[in-house]
Amino acid sequence: MKLKAILIFSFLFITLFALSPYCALSAEQKQSFQFSQDRQIQQIKPKKPVKIKLHRTPKGEYSWDLTGDNIDEVVQADRRLRKLLKLE
């Protein structure tokens, strides 16, 4: 048990000693990092998907509510639903 503890301690000590130069940055290296803000990147927003609420009447007929930010995507979703449900 004592030998196992010594081996673990020595392994940790050697690992920390070997990795210490990579963790310690000089003052010049720390100052070389510069951050800037790009206005184009800030304005990119992910597209919101079209939300579809599908309803079925007791007669077996379908209706739906579509909501979304892009009207072209809403119209495309409506056409696709009509095609899938064979209403056209």
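Keep in mind that this is a model prediction, so the values were computed, not measured.

Trainee: Can you break down the overall build of the protein residue by residue, with the values?
Mentor: From N to C terminus, the protein includes four helices and two strands. Beginning at the N terminus, the succession of helices and strands in the protein can be written as α-α-α-β-β-α. By the burial criterion, 5% of the 88 residues in the protein qualify as buried. Split by element, the accessible area of the protein, about 9,300 Å² in all, is 60% carbon and sulfur.

Trainee: Pulling in residues and values, what's your account of the pattern of salt bridges?
Mentor: Evaluated as defined, the whole model comprises one salt bridge. A salt bridge links Asp78 to Arg82, with the shortest nitrogen-to-oxygen separation between them at 3.1 Å. Taken as a pair, Asp78 and Arg82 lie in helix α4 (residues 71-84) at a separation of four residues, close to a single helical turn. Overall, the relative accessible area of 31% leaves Arg82 in the partly exposed class.

Trainee: Account for α4, with residues named and values stated.
Mentor: Taking 1.5 Å per residue, 14 residues should reach 20 Å; α4 reaches 20 Å between its end C-alpha atoms and fits that length. Along α4, the residues that are buried comprise Val74, Ala77 and Leu81. An end-on view of α4 places all buried positions within 60° of arc, on one side of the element. Turned more than 90 degrees away from the buried face of α4, the exposed residues are Asp72, Gln76, Arg79, Arg80 and Lys83.

Trainee: Please set out the environment of Leu66 residue by residue, giving values where relevant.
Mentor: The topology assignment puts Leu66 in strand β2 (residues 62-67). Spatially, the C-alpha atom of Leu66 lies 6.7 Å from that of Val50, the residues being 16 residues apart in sequence. Here Leu66 is in contact with Val50, Lys51, Ile52, Val74, Ala77, Asp78 and Leu81, once residues within four sequence places are set aside.

Trainee: Lay out a nonpolar patch on the surface in plain terms, naming residues and giving numbers.
Mentor: Together, Ile8, Phe11 and Leu12 give the surface a local cluster of nonpolar side chains, amounting to about 320 Å² of exposed area. Mapped onto the elements, Ile8 comes out in helix α1 (residues 2-23).

Basis of the calculations
- Residues numbered from 1 in each chain as written.
- Predicted model: local features only at pLDDT ≥ 70, side-chain atom pairs only at ≥ 80, totals over all residues.
- Heavy atoms only, no water.
- Helix = DSSP H or I, 4+ residues; strand = E, 2+ residues; numbered from the N terminus.
- Buried < 20%, exposed > 50% of the residue type's maximum accessible area, 1.4 Å probe, protein only.
- Areas by Shrake-Rupley, 256 points an atom, 1.4 Å probe, with all protein chains shown as cover.
- Salt bridge = Lys/Arg side-chain N within 4 Å of Asp/Glu carboxyl O.
- Expected span 1.5 Å × (residues − 1).
- Arc of directions from axis to C-beta.
- Contact = heavy atoms within 4.5 Å.
- Patch = residues over 30% accessible without salt bridge, like charges linked within 9 Å, V, L, I, M, F, W, Y side chains within 5 Å.

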